[in-house]
Amino acid sequence: MKKHLNTLYVTSQGAYLSKEGETVLVSVDGEKRLQVPIHTIGGIVCFGRVMCSPSSWGFCAENNVG
């Protein structure tokens, strides 16, 4: 099976990235905007005022997501 990895670009100001199960959750102002399985992501790029939970950093590192 060929694995296609995508880059997640987060451009919404005030967005917050967190880990939920085996997914990365993107919330803006407490509202869930996007939930992506970690195995489909090759990298995450954040622009502006975007915050990330410590558990999401570790989760990405464990799964080789840059």
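Predicted model, so just to flag it, every value in this text is computed and none were measured.

Analysis parameters
- Residues numbered from 1 in each chain as written.
- Predicted model: local features only at pLDDT ≥ 70, side-chain atom pairs only at ≥ 80, totals over all residues.
- Heavy atoms only, no water.
- Pairing = 2+ DSSP bridges.
- Helix = DSSP H or I, 4+ residues; strand = E, 2+ residues; numbered from the N terminus.
- Contact = heavy atoms within 4.5 Å.
- Axes fitted to C-alpha atoms, helices over the stretch in contact; angles between N-to-C directions.
- Core = buried A, V, L, I, M, F, W, Y, C linked by side-chain atoms within 4.5 Å.
- Buried < 20%, exposed > 50% of the residue type's maximum accessible area, 1.4 Å probe, protein only.

> Explain the sheet that holds strand S4 (residues 31-37) residue by residue, including any values.
One open sheet accounts for four strands, arranged S4-S3-S2-S6; its pairing is mixed. Among the strands making up the open sheet, the edge pair consists of S4 and strand S6 (51-52). The strands that helix H1 (residues 54-62) touches are strand S2 (15-20), strand S3 (23-28) and S6; relative to S2, the one it contacts most, it runs at about 60°.

> Before we move on, can you summarise the nonpolar core with the specific residues and values?
One finds Val10, Leu17, Val24, Ile41 and Ile44 to be the most contacted residues of the largest nonpolar core, which totals 15 residues. Mapped by element, the contributors of at least two residues to this core are strand S1 (6-10), S2, S3, strand S5 (41-46) and H1. Those residues in contact with Ile44, other than ones at most four positions away along the chain, are Leu8, Val10, Leu17, Val24, Cys60, Val65 and Gly66.

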